[in-house]
Amino acid sequence: MPSTVVVGAQWGDEGKGKIVDLLAQESDVVCRYQGGPNAGHTIVAGGATWKLRQMPSGVVSGTTSVIGAGCVVDAQVFLDEIDLLRERGIDPSIVVLSGNAHLIMPWHVTIDQASERRLGSLQIGTTRRGIGPTYADKASRIGIRVQDVLDPKILRQKIEVALAEKNVWLERVYGVEPIELEELAARYEGYAQRLRPYLADTSLLVDRAIREGKQVLLEGAHGTLLDIDHGTYPFVTSSPTVAGGACTGIGIGPTRIDSVIGVAKAYVTRVGAGPFPTEIEGPDQDRMRELGGEFGTVTGRERRCGWLDLVALRCAVRLNGITSIALTKLDVLAAFDRVPVCTAYELRGGARTDEFPEHQSDFHSARPVYEVLDGWSSELGGEELPDAARRYVEFVEKLLDVEVSWVGTGAEREQVLVR
Ligand code: GDP
Ligand code: IMO
Ligand code: MG
């Protein structure tokens with residue numbers, strides 16, 4: 001399939017990085033279409049571990065890697081990852097950055113941190129990387145874009161205008177130190193020199209690649225339930241994470257997309273606050289976290305762990321138009337004798353539904369209805385899955401009416417069963 005979207009089907013950390021890296025071996029271009037350094041993608045290949053935040057996961061295999069207009073970019077993180085590529089022997093000229101992407105400026109990071117502190121127990125639990133404030137300024141049409149660094153005069157003027165307002169907010173509303181203009185302008189002029197070589201018209205580049213029949217992967221960051229419109233608002237990120245976002249985020253039409261791969265863990269994790277019906281109560285949660293290494297790549301926070309939720313996953317199939325599923329981390333479930341899978345929710349008043357509740361209060365109070373499947377105690381190393389593991393995968397396929405085409409059996413690039 002010439003162009004394929006790879007999208008997280010849960011609340012993030014589904015193993016998108018690993019699946020994109022795997023598929024990148026056979027691709028010509030890999031594109032990130034939204035989000036920024038709030039993403040944390042771990043890729044284990046050839047004995048080396050990569051932890052990427054800003055770059056598309058295609059960089060690990062040296063594939064042309066595009067950061068689209070829908071992304072937000074922290075210049076320092078971007079340049080650090082460019083240095084990392086160089087250190088590891090990958091020519092950074094494979095990276096192409098859209099001039100229309102918005103820059104995460106230092107005030108965005110400070111405001112994200114300060115506003116979370118102010119919210120106290122009501123906080124979202126953001127990654128505190130400035131994501132929300134950057135997208136808010138983009139929507140308010142006062143953001144600074146990557147292309148603004150091309151002209152030192154424009155850049156300085158934009159920083160000056162922004163600071164005149166942001167510093168009032170920082171001091172008066174959040175009670176933190178204002179940001180000094182000269183030092184900041186000088187720092188960004190330095191970044192400008194280093195960013196310039198990576199800028200290109202990424203919409204044109206990707207459209208051409210698709211027309212030429214090249215294999216293009218469009219990589220979503222975060223997960224479907226963190227989508228700004230369709231996720232568990234307000235406990236979401238600030239961009240469209242669903243597959244449709246690939247079109248707007250890169251600048252290609254929907255007719256250019258051929259297939260959508262949904263990446264889902266064989267269980268569920270969530271970082272940050274917000275409702276989570278299948279969150280495990282008791283010691284099995286800690287056990288799953290330890291076995292699955294469920295600690296945030298960006299923040300190191302403990303990920304909350306729960307059983308597979310097929311109600312939420314069915315919703316993800318719908319929202320993204322998922323045509324096949326990559327089910328990751330099935331190996332982690334080998335430690336459990338019995339594996340509950342949520343097939344429906346019980347709502348207030350006792351009604352049952354197998355569709356994701358549209359109203360947030362219904363979702364907050366939804367109780368999972370489980371079917372308990374047999375576990376498998378053997379390791380998942382061979383060509384075939386043990387019977388009980390295969391039944392688990394087939395159960396998912398049957399309830400979602402979508403094929404599971406890949407099964408993750410370990411963190412390494414090769415640890416995947418292709419079905
Ligand atoms: P992403 O944000 O969706 O790219 O996912 P993360 O990289 O944040 O988290 C997934 C974690 O699971 C990473 O540490 C991966 O190395 C690891 N991983 C991915 N697939 C598998 C798998 O099939 N089995 C195991 N045990 N680990 C996996
Ligand atoms: P990857 O790409 C898991 C969550 C945060 C928080 C909410 C808003 O690795 O799957 P933000 O900083 O985006 O404003 O935070 O979204 N979140 C993620 N959770 N994996 C991610 O990325 C996430 N990106 C954001 O924990 O609840
Ligand atoms: Mg992650």
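For the structure, see preceding data.
Counting starts from 1 at the beginning of each chain's written sequence and moves along it residue by residue. Key to labels: chains lettered from A, ligands numbered from 1, both in the order written. A pLDDT threshold of at least 70 governs which residues receive local features in this predicted model, and a stricter bar of 80 or more applies before side-chain atom pairs are shown or counted, although totals over entire chains, interfaces and linings include all residues. Values reported for side chains reflect all heavy atoms of the structure, with hydrogen atoms and water molecules removed beforehand.

## Re the packing of aromatic side chains
For any pair of aromatic rings, the description consists of the separation of the ring centres together with the inter-plane angle of the planes.
Here comes step 1: By convention, a stacked pair of Phe, Tyr or Trp rings (six-membered ring in the case of Trp) has centres within 6.5 Å and planes under 30 degrees apart, an edge-to-face pair has planes over 60 apart, and any other such pair is tilted. In the structure shown here, the tally under the stated rule is 10 aromatic pairs.
Here comes step 2: With centroids separated by 6.0 Å and ring planes inclined at 50°, the aromatic side chains of Tyr 345 and Phe 363 adopt a geometry described as tilted. With a gap of 18 residues between them, Tyr 345 in strand β16 (residues 338-346) and Phe 363 in helix α11 (residues 360-365) connect regions that are remote in the sequence.
Here comes step 3: In this structure an aromatic cluster arises from ring pairing among Trp 11, Phe 276, Tyr 345, Phe 356 and Phe 363.
Here comes step 4: By definition here, charges over rings are those cases where NZ of Lys or CZ of Arg is within 6 Å of the ring centre and within 35 degrees of the ring normal. Just above the ring of Trp 50 sits the side chain of Arg 88; from NZ or CZ to the centre is 4.4 Å. Strands are runs of DSSP state E lasting at least two residues, helices are runs of H or I lasting at least four, and both sets are numbered from the N terminus onward.

## Description of the pairing of strand β15 (residues 324-328)
Here comes step 1: The element β15 is largely enclosed, with a buried count of 5 among its 5 residues.
Here comes step 2: Whether two strands pair comes down to DSSP finding at least two bridges between them. Relative to β15, strand β11 (residues 259-265) runs parallel, the two being bridged by 5 bridges. Looking at β15, one finds that Lys 265 is bridged to Thr 328.
Here comes step 3: Bridge count for β15 against strand β19 (residues 404-408) is 3 bridges, and the pairing is parallel. What sits directly across from Ile 325, in β19, is Val 404. Three labels apply to residues, based on accessible area from a 1.4 Å probe with only protein chains included: buried if under 20% of the type maximum, exposed if over 50%, partly exposed otherwise in between.

## Section: the site of ligand 1
Here comes step 1: Surrounding ligand 1, one finds 19 residues, the nearest of these being Lys 16, Gly 17, Gly 40, Thr 42 and Asp 331.
Here comes step 2: Here an oxygen atom of ligand 1 and a side-chain polar atom of Thr 297 are 3.3 Å apart.
Here comes step 3: Per-residue and other accessible areas follow the Shrake-Rupley method at a 1.4 Å probe size, with only the shown protein chains counted as cover for residues. For ligand 1, the accessible surface in isolation is 580 Å², of which the surrounding protein chains cover 91%.
Here comes step 4: When contributions to the shell around ligand 1 are tallied by element, the ones reaching two or more residues are α1 (16-24) and β3 (41-45).
Here comes step 5: Considering every element that reaches the shell around ligand 1, the biggest residue donor is α1, with 3 residues.
Here comes step 6: Amino acid classes used here: Ala, Val, Leu, Ile, Met, Phe, Trp, Tyr, Cys and Pro are nonpolar; Asp, Glu, Lys and Arg are charged; the rest, including Gly, are polar. Across the shell around ligand 1, the residue classes tally to 2 nonpolar, 10 polar and 7 charged. A cutoff of 4 Å decides nearness: a residue is near a molecule or strand if any of its heavy atoms lies inside that distance of it. N or O atoms closer than or at 3.5 Å make up a polar contact, with two conditions inside protein: a donor-capable atom paired with an acceptor-capable one, and, for residues adjacent in sequence, both atoms drawn from side chains.

## With respect to the pairing of strand β10 (residues 216-219)
Here comes step 1: With burial as the criterion, each face of β10 is covered, one bearing Val 216 and Leu 218 and the other bearing Leu 217 and Glu 219.
Here comes step 2: The sheet contact formed by strand β2 (residues 29-32) and β10 spans 4 bridges and is parallel. Residue pairing in the sheet places Val 29 in a bridge with Val 216 of β10.

## Focus on the coordination of the magnesium ion (ligand 3)
Here comes step 1: Within the protein, the atoms that donate to the magnesium ion (ligand 3) are Asp 13 (OD) and Gly 40 (O), at distances of 2.0 to 2.1 Å. Placement of the pair is Asp 13 in the loop between β1 (3-8) and α1 and Gly 40 in the loop between β2 and β3, with a sequence separation of 27 residues.
Here comes step 2: For Asp 13, a relative accessible area of 22% corresponds to the partly exposed category.
Here comes step 3: Exposure remark for Gly 40: the relative accessible area of 11% places this residue in the buried category. Metal donors: N, O and S atoms at distances within 2.8 Å, or within 3.2 Å for Na, K and Ca, with water omitted from the atom set so that some sites may seem incomplete.

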